[in-house]
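Commentary on secondary and tertiary structure
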Amino acid sequence: MDVAHPRRILAVSLDSQADQLSRVIKDLTGSSPCSPSPSLAGTTHNLSLKTQYYTATVPIWLDLIASPSDWSASFLSDEAAEVLAVLGGLVLIFSLPPSASSESIDRVRDVIHHVGHVVNNGLGGWEWDGVRLAVGVGDSDAQEWDELCAEAGLEFVQIGGNQLHLNEFGEKTGISRVKEALESNDWAQDAPSDFGDFEDASDGGEGGHLDPESLDFGFDRADFEGLKKAIWEARPGDQEPSAPTAGSGAASKAEADNQGDIQDELGHEDVDKVESMMRKLQAVRDAGEGLPEAQRKRMAARAVGEVMKEL
C-alpha cells in the first residue's frame, strides 16, 4: 500500500548542535539536508520508508531550539494545534555531554524536559500513536539520559561509541533502531469514520470492558482490585441514618430512594473512572510495543504509578 499523504516527523535539536541534527538525518535518509539559508530551521527533508505492508515518503520538518521553554510554549499555543495534528513522529537529537561539562548537561536536561512537555501536553502523552525518540550522539555513559528520556515519555537511542548492531536482548541499536521504530509506525492520516458512536461503543471488546489481565505488562487482576478498593475508599462516607420519628415514614422512604439513586450514580462514576485508568494503561502498553525490554518495563512502572496517584 502506498501512503499518499503521510503524517510528518518533527526532528529538533539545540541550535548549537545543528551539526548533530544534520548528521543523524543523513545517516537516516542517506542524504544531507540542505537549506538556502545558513540555518536548518524550517527545512523539510524526505525519508523513504518501505516495508512489506506499505511504502511512504515521509516529510521530516527540521527545527532548531534556542530556548527550550520558548520553543515548548510556542508548540503548545493554539496556533500550533494544526502542526501537532499532522505529526506522526517527534525526534529529539542531542550530543551526549561529557560529565565534566555542567553547563551543557543542564541545557540537555532542559531541552529533554521541554520536548517531553510537548509530547505529554500537546500530543497526548501515552495515548498519542506517534513515534517519540530521543537520539543521543556520543560514547559517554548513557544511563542517566536513558532514565531522563523515559521520564519525559521518549525512547532513548544512543548513536556512536563501540555499539554492537544488536544489544543483549537481540534488539537493534543505533540508527537501525531509529529506522525500525519509524517503520513500525502508522503514517496514514486519520480519516473520519462513517460509523460514529457505534464504532466508539465497540472499543474494548465484549461488553466494552477492558480486561486487566490482557495488558500483559505486570498489571494483573489483583492490582485492578486494589484500584477499585482505593476508589471505593475515596468516596465520601455515608451518613448513618437517623432514628425514625412519628409521621416521617414517607419522608424517610423518599430519602432512602434518593440515597439509592446517588449510590447508583456514584457506582457508575467509579466504574467509568476505573475503565478510564485501564484505557490509559492500555495506551502505554501499545506505545511500548517494539521498545527495548528494559525501557518497556520502566514505562509500565511509571504508568502504574501515575494511575495510582489519580486515586
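Quick caveat, the model's predicted, so the values are computed rather than measured.

**What about the environment of Ala18?**
Relative to the helices and strands, Ala18 resides in helix 1 (residues 18–29). Sequence spacing of Ala18 and Ala41 is 23 residues, and the spatial spacing of their C-alpha atoms is 9.1 Å. The residues contacting Ala18, other than those within four sequence positions of it, are Ser13, Leu40 and Leu64.

**A short note on the pattern of salt bridges**
Opposite charge on two side chains allows them to pair when their charged atoms are near. Within the structure shown, the criterion is met by 7 salt bridges. A salt bridge links Arg23 to Asp27; the nearest nitrogen and oxygen atoms lie 3.8 Å apart. One end of the pair, Arg23, and the other, Asp27, are both in helix 1, 4 residues apart, so they sit about a helical turn from each other. Among the salt bridges present, the one from Glu144 reaches Arg109, with a minimum N-O distance of 2.5 Å. Here Arg109 lies in helix 4 (residues 102–121) and Glu144 lies in helix 5 (residues 143–151), a separation of 35 residues in the sequence. Relative accessible area serves as the criterion here: at 37%, Arg109 is assigned to the partly exposed category. Three or more residues are tied together by salt bridges with common partners; here these are Asp106, Arg109 and Glu144.

**Regarding the environment of Leu64**
Position of Leu64 among the secondary structure elements: in strand 3 (residues 55–65). Judged by relative accessible area, which is 17%, Leu64 ranks as buried. Note: C-alpha distance between Leu64 and Leu21 (43 residues apart in sequence) is 8.8 Å. Beyond its immediate sequence surroundings of up to four residues, Leu64 is in contact with Ser13, Leu14, Asp15, Ala18, Leu21, Ser39, Leu40 and Ala41.

**A look at the side chain of Asn185**
By secondary structure assignment, the location of Asn185 is in the loop between helix 6 (174–183) and helix 7 (197–202). Overall, the relative accessible area of 9% leaves Asn185 in the buried class. In terms of polar contacts, Asn185 uses its side chain to reach the backbone carbonyl oxygen of Gly88, at 2.9 Å.

**Quick look at the packing of helix 1 against helix 6**
Working note: a packed helix pair is described by the angle between its axes plus the distance between those axes. With their axes 10 Å apart at the nearest point, helix 1 and helix 6 run at an angle of 65 degrees to one another. With respect to each other, helix 1 and helix 6 are oriented roughly perpendicular. For helix 1 against helix 6, the interelement crossing comes out right-handed. In this structure, helix 1 contributes Val24, Asp27 and Leu28 to the contact, and helix 6 contributes Ile175, Val178, Lys179 and Leu182.

**Overview of the sheet that holds strand 4 (residues 87–95)**
Strands sit in the order 2-3-1-4-5-6 across an open sheet of 6 strands; the sheet is mixed. Edge positions in the sheet fall to strand 2 (44–50) and strand 6 (155–159), since each has one partner strand and no second. The mean angle between the axes of side-by-side strands here comes to 25 degrees, regardless of whether they run parallel or antiparallel. Here strand 1 (residues 8–14) runs beside strand 4; their pairing, made up of 5 bridges, is parallel.

Rules of the game
- Residues numbered from 1 in each chain as written.
- Predicted model: local features only at pLDDT ≥ 70, side-chain atom pairs only at ≥ 80, totals over all residues.
- Heavy atoms only, no water.
- Helix = DSSP H or I, 4+ residues; strand = E, 2+ residues; numbered from the N terminus.
- Contact = heavy atoms within 4.5 Å.
- Salt bridge = Lys/Arg side-chain N within 4 Å of Asp/Glu carboxyl O.
- Buried < 20%, exposed > 50% of the residue type's maximum accessible area, 1.4 Å probe, protein only.
- Polar contact = N/O pair within 3.5 Å; in protein donor to acceptor, adjacent residues only side chain to side chain.
- Axes fitted to C-alpha atoms, helices over the stretch in contact; angles between N-to-C directions.
- Parallel < 35°, antiparallel > 145°, perpendicular 65-115°, else oblique.
- Left-handed = near helix turned anticlockwise from the far one by under 90°.
- Pairing = 2+ DSSP bridges.

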